[in-house]
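# Architecture at a glance
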Amino acid sequence: MVYLTLAGAILSEILATTAMKYSHGFTKLWPSVGTTLGYLVAFALLARTLKSMSVGTTYAIWSGAGTAVIAAIGMVFLGESTSWLKILGVLLVIAGVVVLNLDGAH
């Protein structure tokens, strides 16, 4: 159940960050509202996750997954440049999260 809560926090953060892109510096109402609500939900779910999961593991998964997905959304859907170096960077973020979780599996 804790991983489901964490997945919800990650999804909410991804949606909030994407909405922030469309808020144009918080000058557009509905994307700004979506950003605010998305982050409120993300932090509420993140706080709930921290009740039963270590902060290091939780934050590594939350921030790493969010970073990787947002980078991919930017490259695939928002017209941001794509390079092998960026892809390598995303893969290294994912690898870092995996390694942190392997150490926490003892």
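Quick note: structure is the one above.
Just so you know, these numbers come straight off a predicted model, no measurement behind them. (Residues numbered from 1 in each chain as written. Predicted model: local features only at pLDDT ≥ 70, side-chain atom pairs only at ≥ 80, totals over all residues. Heavy atoms only, no water.)

## Structural notes on unusual backbone geometry
Our working definition: Counting from the N terminus, the helices are DSSP H or I runs at least four residues long and the strands are E runs at least two residues long. Each residue is assigned to one of three classes by its accessible area relative to the maximum for its type, calculated with a 1.4 Å probe on protein chains only: buried under 20%, partly exposed between the two thresholds, exposed over 50%.
Despite not being glycine, H24 has its phi angle at roughly 50 degrees, a positive value. Following the sequence through the fold, H24 ends up in the loop between α1 (2-22) and α2 (29-49). Given the relative accessible area of 49%, H24 is considered partly exposed. One non-glycine residue, F26, adopts positive backbone phi at about 65 degrees.

## Points about the packing of aromatic side chains
The criterion, for reference: A pair of aromatic rings is counted whenever rings of Phe, Tyr or Trp (Trp by its six-membered ring) have centres within 6.5 Å, and the orientation is called stacked for planes under 30 degrees apart, edge-to-face for over 60 and tilted otherwise.
Taken as a whole, this structure holds three aromatic pairs when the rule is applied. Relative to W62, the ring of Y59 lies with its centre 5.6 Å away and its plane at 50 degrees, an arrangement referred to as tilted. One end of the pair, Y59, and the other, W62, are both in helix α3 (residues 55-76), three residues apart, so they sit about a helical turn from each other. Through a chain of ring-to-ring contacts, the aromatic side chains of Y39, F43, Y59 and W62 assemble into a single cluster.

## With respect to the nonpolar core
Soluble, globular proteins show a tendency: their nonpolar side chains are buried together. Cut-off, in case you're wondering: By nonpolar core is meant a set of buried Ala, Val, Leu, Ile, Met, Phe, Trp, Tyr and Cys residues that side-chain atoms within 4.5 Å join together. We call two residues in contact whenever any of their non-hydrogen atoms come within 4.5 Å of each other.
With 10 residues, the main nonpolar core is built from L6, A9, I10, I14, L46, M53, I61, W62, I73 and V97. Broken down by element, this core gets its largest block of residues, four residues, from α1. Sequence-distant contacts of A9, defined by excluding residues within four places in its chain, comprise A42, L45, L46 and W62.

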